[in-house]
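Structural overview for review
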Amino acid sequence: MDLSQLDLRNLGLLFNQLLTSFGVPPAVVPIIGSLLGALLLLIFALTLVLGLVWFERKIAARIQDRFGPNRVGPFGLLQTIADALKLLTKEDITPTNADRVTYNLAPALAVFHVIMALAVIPFANNVIGANINVGVMYIIAFGSIGSMAALMAGWSSNNKYALLGGFRVVAQLLSYEIPLGLAMMIPVLAAGTMNMNELAEAQYRYAGFGWYIFVMPTAFFIFLVATLAEGERAPFDLLEAESEIVAGFNIEYSGMKFAWFFLAFFLNSWVLAAIATTVFLGGWQGPFVDQIPALGVIYFLTKTLVVFWLLAWIRATFPRLRIDQMMSYCWKFLVPLALVLFMVTAVVLKLNLPHPLEGIVLLAANVVLLLGAWWLLGREQRKQIGASKRAFTPEIPRL
Amino acid sequence: MAIVFIVIASITVLMAIGTVTARNLFHAALFLVGAFFGVAALYATLDAGFLAAAQIIIYIGAIATLIIFAIMLSRSMMGREAGALNRQWIYAAIGASLLFVALAALVLTTTFNTTLLPVPDNVIYQIGAGFVGTYVIPFEVASILLVAALVGAIMLARERHR
């Protein structure tokens with residue numbers, strides 16, 4: 001079969017024709033197609049997690065000079081399956097006085113919001129669950145349901161630590177949703193669309209250097225930091241800080257219900273990496289993708305895995321932040337920076353410069369803003385360190 | 001399409017009833033979230049994707065979360081049941097019934113133009129153009145109101161240095 005003929009966009013059409021030829025009424029065909037597509041995405045997501053858990057554990061092990069899982073199967077590949085089986089056999093405990101319905105609903109909702117976000121991620125050109133015009137807003141919308149799930153889990157467990165975890169969820173996820181949304185709006189401004197597929201498509205310029213990570217690195221930086229917080233990953237894993245609140249909102253969950261939270265956590269990280277890939281790394285863009293559209297899937301998955309590796313790297317190296325540091329980093333640094341960047345980008349785009357120049361001006365503005373913001377941050381920190389040093393200097397009594 | 005509407009609408013109404021009848025404030029808030037989600041689903045079936053997403057972001061992501069946060073901070077957190085009625089229920093009932101009668105009268109007397117218009121492709125563009133064009137004054141007034149509320153909240157909450 002000629003590879004150039006393998007256009008993924010036609011697969012759905014082919015499938016529909018196949019069904020019609022089997023004598024399925026034409027009104028039912030698109031419904032079957034959609035259901036099968038949704039099922040495919042779901043199976044893909046759930047199997048993916050098995051690999052992701054292994055991948056992240058291996059990376060963390062390498063970074064921390066360990067071996068990581070290496071007993072079950074080749075390279076420990078089957079370790080996750082063994083762990084899942086172990087979790088399945090564990091006793092399912094519901095605490096006394098727990099709010100039963102809410103308690104059981106929370107893990108389902110946690111996975112639900114992540115899987116829903118998968119629907120608008122383009123795996124290749126136009127290979128997308130739901131090609132809707134408000135893709136970016138849709139993602140932000142379902143992100144806010146995630147914090148609801150953690151809040152429900154924290155409250156219904158009837159446990160002080162879980163409740164404290166719930167409070168932290170609200171503080172963290174709600175705060176970091178703002179820089180996350182603003183950072184995503186900057187590429188939206190440049191591309192002139194909120195459609196995820198069109199966002200990836202808009203990054204075709206300058207032979208690969210038109211990816212928004214090269215044109216607007218500051219926006220990507222803000223997005224990455226907000227991603228770490230939204231994904232509840234170190235250094236922002238205050239929701240489940242073992243040393244402070246034992247395990248956070250999911251402390252009372254055991255067995256399969258805990259596994260659901262675990263699944264949601266890893267899948268959420270992957271989905272956030274996929275969003276970063278689509279919005280900032282050109283999505284399915286890559287060499288020869290015009291001739292062979294199927295290559296797009298490979299490019300997309302590779303880039304997503306690279307971003308996921310970056311997230312794992314950060315998680316394995318950085319210590320946890322204090323809660324006040326986390327909040328002020330968001331509200332006093334990321335949000336103002338994102339707002340200024342948003343305005344500067346809007347002004348630059350309004351100038352209607354010719355094309356290579358526009359990218360260069362945007363890049364220059366981004367670099368200047370980031371360096372300026374870092375300089376301000378450093379100055380402020382030096383001032384604070386100085387102040388705290390003075391506060392701790394013992395006063396020498398005068399004789 | 002009618003079946004989808006009936007299913008979503010009845011779930012939304014059930015959630016709304018749950019909101020006012022739940023004896024547990026946290027449950028009431030969760031029912032409210034369900035009702036908001038139902039309304040968003042209704043918007044989505046009307047091809048108003050932008051409105052649906054905005055509904056979820058604003059009402060569930062911001063307002064409902066804040067309501068829950070307020071409940072968790074102000075009540076005895078693990079305390080469960082609370083009466084749904086207090087001494088003012090009779091006045092509230094009168095006010096609510098009057099509002100219902102007025103709204104029902106309004107809905108019944110208005111003739112709705114039910115021509116099915118095609119949804120334009122660039123809805124978001126038109127909404128944006130509307131915000132900075134035709135409806136710029138209401139939009140700005142709403143922004144100022146929100147900023148005022150924000151500043152007021154910070155003033156109330158800030159520590160007073162003496």
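Along each chain, residue indices are assigned from 1 in the same order as the chain's sequence is written. Ligands are numbered from 1 and chains lettered from A, in the order in which they are written. At least 70 in pLDDT is required for a residue's local features to be given in this predicted model, at least 80 for side-chain atom pairs to be given and counted, and no such filter applies to totals for whole chains, interfaces and linings, which use all residues.

Right, let's talk about the overall build of chain B for a bit. Under the scheme used here, helices are H or I runs from DSSP no shorter than 4 residues and strands are E runs no shorter than 2 residues, and both carry numbers assigned from the N terminus. Check the secondary structure of chain B and you find 6 helices and 0 strands. The order of helices and strands in chain B, counted from the N terminus, is α-α-α-α-α-α. C-alpha atoms define the radius of gyration in this analysis, and the globule rule sets the expected value at 2.2 Å times the number of residues to the power 0.38. Radius of gyration (C-alpha) of chain B: 20 Å, far over the 15 Å computed for a compact globule of 162 residues. Taking the principal axes of the C-alpha coordinates as reference, chain B spans close to 55 × 45 × 30 Å. Looking at chain B as a whole, 16% of its 162 residues are labelled buried. The contacts of chain B with a sequence gap of at least 6 include a subset with a gap of at least 24, amounting to 57%. Neighbour counting defines burial: a residue surrounded by 20 or more other C-beta atoms within 10 Å of its own C-beta is buried, one with 12 or fewer is exposed, and intermediate counts give partly exposed, using backbone-placed C-beta atoms. We call two residues in contact when the distance between their C-beta atoms, placed using the backbone, is within 7 Å.

Okay, the confidence of the model for chain B next. Residue and element names in this part refer to chain B. Note: pLDDT gives the predictor's confidence per residue, expressed from 0 to 100. Residues with a pLDDT of 70 or more make up 92% of chain B, whose mean pLDDT is 84. When mean pLDDT is taken per element in chain B, helix H4 (residues 89-109) scores highest with 92 and helix H3 (residues 49-74) scores lowest with 83. Note on the complex model: pTM 0.85, ipTM 0.79.

With that out of the way, let us pick up the domain arrangement of chain A. All names here are of chain A. Boundaries between domains were set according to an automatic or database domain assignment. Taken domain by domain, chain A holds domain 1 (27-89) and domain 2 (92-386). Inter-centroid distance (C-alpha atoms) of domain 1 to domain 2 is 21 Å. Of all the secondary structure elements, the ones that give two or more residues to the side of domain 1 that touches domain 2 are helix H2 (29-63) and helix H3 (79-89). For the side of domain 1 that touches domain 2, the element with the most residues is H2, which contributes 12 residues.

Many descriptions give the size of an interface as the accessible area lost when the pieces come together. Taken residue by residue, the interface counts 19 residues in chain B and 20 residues in chain A. Mapped onto the side of chain B that touches chain A, the elements with two or more residues apiece are helix H2 (25-45), H3 and helix H5 (123-132) of chain B. When residues in the side of chain B that touches chain A are grouped by element, the largest group, 12 residues, is from H3 of chain B. Each residue gets one of three labels, nonpolar for Ala, Val, Leu, Ile, Met, Phe, Trp, Tyr, Cys and Pro, charged for Asp, Glu, Lys and Arg, and polar for the others, Gly among them. In the side of chain B that touches chain A, the residues fall into 16 nonpolar, 3 polar and no charged.

The next point concerns unusual backbone geometry. A negative phi angle characterises most non-glycine residues, just as the trans form characterises most peptide bonds. The backbone of aspartate 65 of chain A shows a phi angle near 60°, a positive value even though the residue is not glycine. The topology assignment puts aspartate 65 of chain A in the loop between H2 and H3.

Domain annotation for chain B reports domain 1 (1-82) and domain 2 (119-162). Look at where the C-alpha atoms of domain 1 of chain B and domain 2 of chain B centre, and you get two points 23 Å apart.

As a further point, take the environment of tryptophan 155 of chain A. Assignment of secondary structure puts tryptophan 155 of chain A in helix H5 (residues 135-156). Taking the C-alpha atoms as reference points, tryptophan 155 of chain A and glutamine 291 of chain A, separated by 136 residues in sequence, lie 53 Å from one another.

Residue and element names in this part refer to chain A. Membership of the largest hydrophobic core comes to 131 residues, with the highest contact counts inside it found for Met137, Ala183, Tyr212, Phe223 and Ala276. Per-element accounting of this core gives the leading share, 18 residues, to helix H11 (residues 255-280). Beyond its immediate sequence surroundings of up to four residues, alanine 276 is in contact with Phe223, Leu224, Thr227, Leu281 and Val307. Throughout this description, the term nonpolar core refers to a group of buried Ala, Val, Leu, Ile, Met, Phe, Trp, Tyr and Cys residues whose C-beta atoms join them within 7 Å.

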